[in-house]
Amino acid sequence: MTISLQNTIYRKGSGGEAPEDSMPLVLVHAFPVDHRMWDDCAPLIAQFGDSAGSAPFPIWAPDMPGAGTCPVPGVSESGGADEDGSYPHALDLVADAYVDLVRRAGFAKAVFVGLSMGGYVVLDIVRRHPQMLAGIALCDTQPSPDAPQARVSRLAIAQRCEDEQTVEPVMHFAMPQPGDSAFKRSPQCVDLFTRWIREQSPQGIAWRQRMAAGRPDFTDQLATITVPAAVVCGTLDPSLQAMRGFVPLLTGTEVVTTEIEDCGHFSAVEQPAAVARALSDLMQRVAEG
């Protein structure tokens, strides 16, 4: 059983034989948007890496199933559904698909970066494919599963999106909230997120919600990470305290934490330069071994 991804390549990197110093940086996007959330950040990662003298490495940002124009898997392709409508095996299939993308390109390892829901994918790669990790960044995410009421709410949103063929239940992600960053409150950001979300399919939004609802608790995976690690979070992100809480559990690695001022949950969009610097630094640490 396989799931398809649609890869965006921001930079191909150097060399044609997948040299070890040119392993890809794989950026895994947040919900409810797609790879475009990395459009400003990815070129800056390349720029900062070049300025630091790093060998040019590939930079990829695959779309998850149901994101952008990536196909939406059916229930059977997703590994089946639980009684409440969640997909308990779908995240595993997505994690496998990201790893397969790297392997098919001829690479033995990659540095995986997950932001928000993308962090769930990356943590599942830690659990299922630790040998594929050269480095890891967890951005504005957390390892714990949904609390019971949050899970019910997530699945209710999925059902409404499907029943009414609408993305309205997630349009609040585009609307400024009290305490948001200056950029998140700007008309530019509202217009950008409104366009990105409205260009998603209701089925794709629902699929990702069902996938996320079915995820397990990844807290016990944190101690198994032995590769260079970065934790990145906006100081205005509601998950900041949870992220500070799990950093001490990363006991098997050297972790560099970056807390970004005037930044909320979508850090790569709100403060792309700060995120790019953190990821460029991670790639340099990986290269230095």
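Please read all numbers here as calculations on a predicted model, not as lab measurements. (Residues numbered from 1 in each chain as written. Predicted model: local features only at pLDDT ≥ 70, side-chain atom pairs only at ≥ 80, totals over all residues. Heavy atoms only, no water.)

S.K.: Which residues make up the environment of Phe31, and what values go with them?
M.R.: Residue position: Phe31 is located in the loop between β2 (25–28) and α1 (41–51). Residue classification places Phe31 among the buried residues on the basis of a relative accessible area of 5%. Taking C-alpha positions, Phe31 is 11 Å from Met171, a pair spaced 140 residues apart along the chain. Not counting the four nearest positions on each side in its chain, Phe31 is found in contact with Met117, Val170, Phe173, Ile205, Arg208, Gln209 and Phe266. (Helix = DSSP H or I, 4+ residues; strand = E, 2+ residues; numbered from the N terminus. Buried < 20%, exposed > 50% of the residue type's maximum accessible area, 1.4 Å probe, protein only. Contact = heavy atoms within 4.5 Å.)

S.K.: Describe the pairing of strand β7 (residues 255–260), and please don't skip the residues or the numbers.
M.R.: Here 6 bridges tie strand β6 (residues 229–234) to β7, and the two strands are oriented parallel to one another. In the sheet register, Val232 faces β7, and the bridge partner there is Thr258. This β-α-β element, β6 to helix α7 (residues 240–246) to β7, shows right-handed connectivity. (Pairing = 2+ DSSP bridges. Right-handed = clockwise from strand over helix to strand, strands pointing away.)

S.K.: Explain the sheet that holds strand β1 (residues 9–11) to me, using residue names and the numbers behind them.
M.R.: Ordered in space as β1-β3-β2-β4-β5-β6-β7, the 7 strands form an open sheet in which the pairing is mixed. Each having just a single partner strand, β1 and β7 make up the two edges of the open sheet.

S.K.: Tell me about the side chain of Arg36, and name the residues and values.
M.R.: Tracing the backbone through its elements, the reader meets Arg36 in the loop between β2 and α1. Side chain to side chain, Arg36 and Asp34 meet in a polar contact 2.9 Å long. Those residues in contact with Arg36 that lie beyond four places of it in its chain are Tyr10, Arg195, Trp196, Glu199 and Gln200. (Polar contact = N/O pair within 3.5 Å; in protein donor to acceptor, adjacent residues only side chain to side chain.)

S.K.: Kindly report on unusual backbone geometry, identifying the contributing residues and their values.
M.R.: Residue Phe31 is joined to Pro32 through a cis peptide bond whose omega torsion reads 5°. Residue placement: Pro32 occurs in the loop between β2 and α1. In this structure, Asp140 is a non-glycine residue whose phi angle is positive, near 50°. With respect to the helices and strands, the residue Asp140 is situated in the loop between β5 (133–139) and α4 (148–164).

S.K.: Explain the packing of aromatic side chains residue by residue, including any values.
M.R.: In this structure the tally under the stated criterion is 6 aromatic pairs. Each ring, one from Trp60 and one from Phe107, has its centre 5.9 Å from the other, and the planes form 75°; the classification is edge-to-face. Of this pair, Trp60 sits in strand β3 (residues 59–60) while Phe107 sits in the loop between α2 (90–104) and β4 (110–115), and the two are 47 residues apart along the sequence. Taken together, the ring pairs connect Phe31, Phe173, Phe193, Trp196 and Phe266 into an aromatic cluster. A cation over a ring is seen here: Arg215 above Tyr120, with NZ or CZ 3.9 Å from the ring centre. (Phe/Tyr/Trp six-rings, centres within 6.5 Å; stacked < 30°, edge-to-face > 60°. Lys NZ or Arg CZ within 6 Å of the ring centre and 35° of its normal.)

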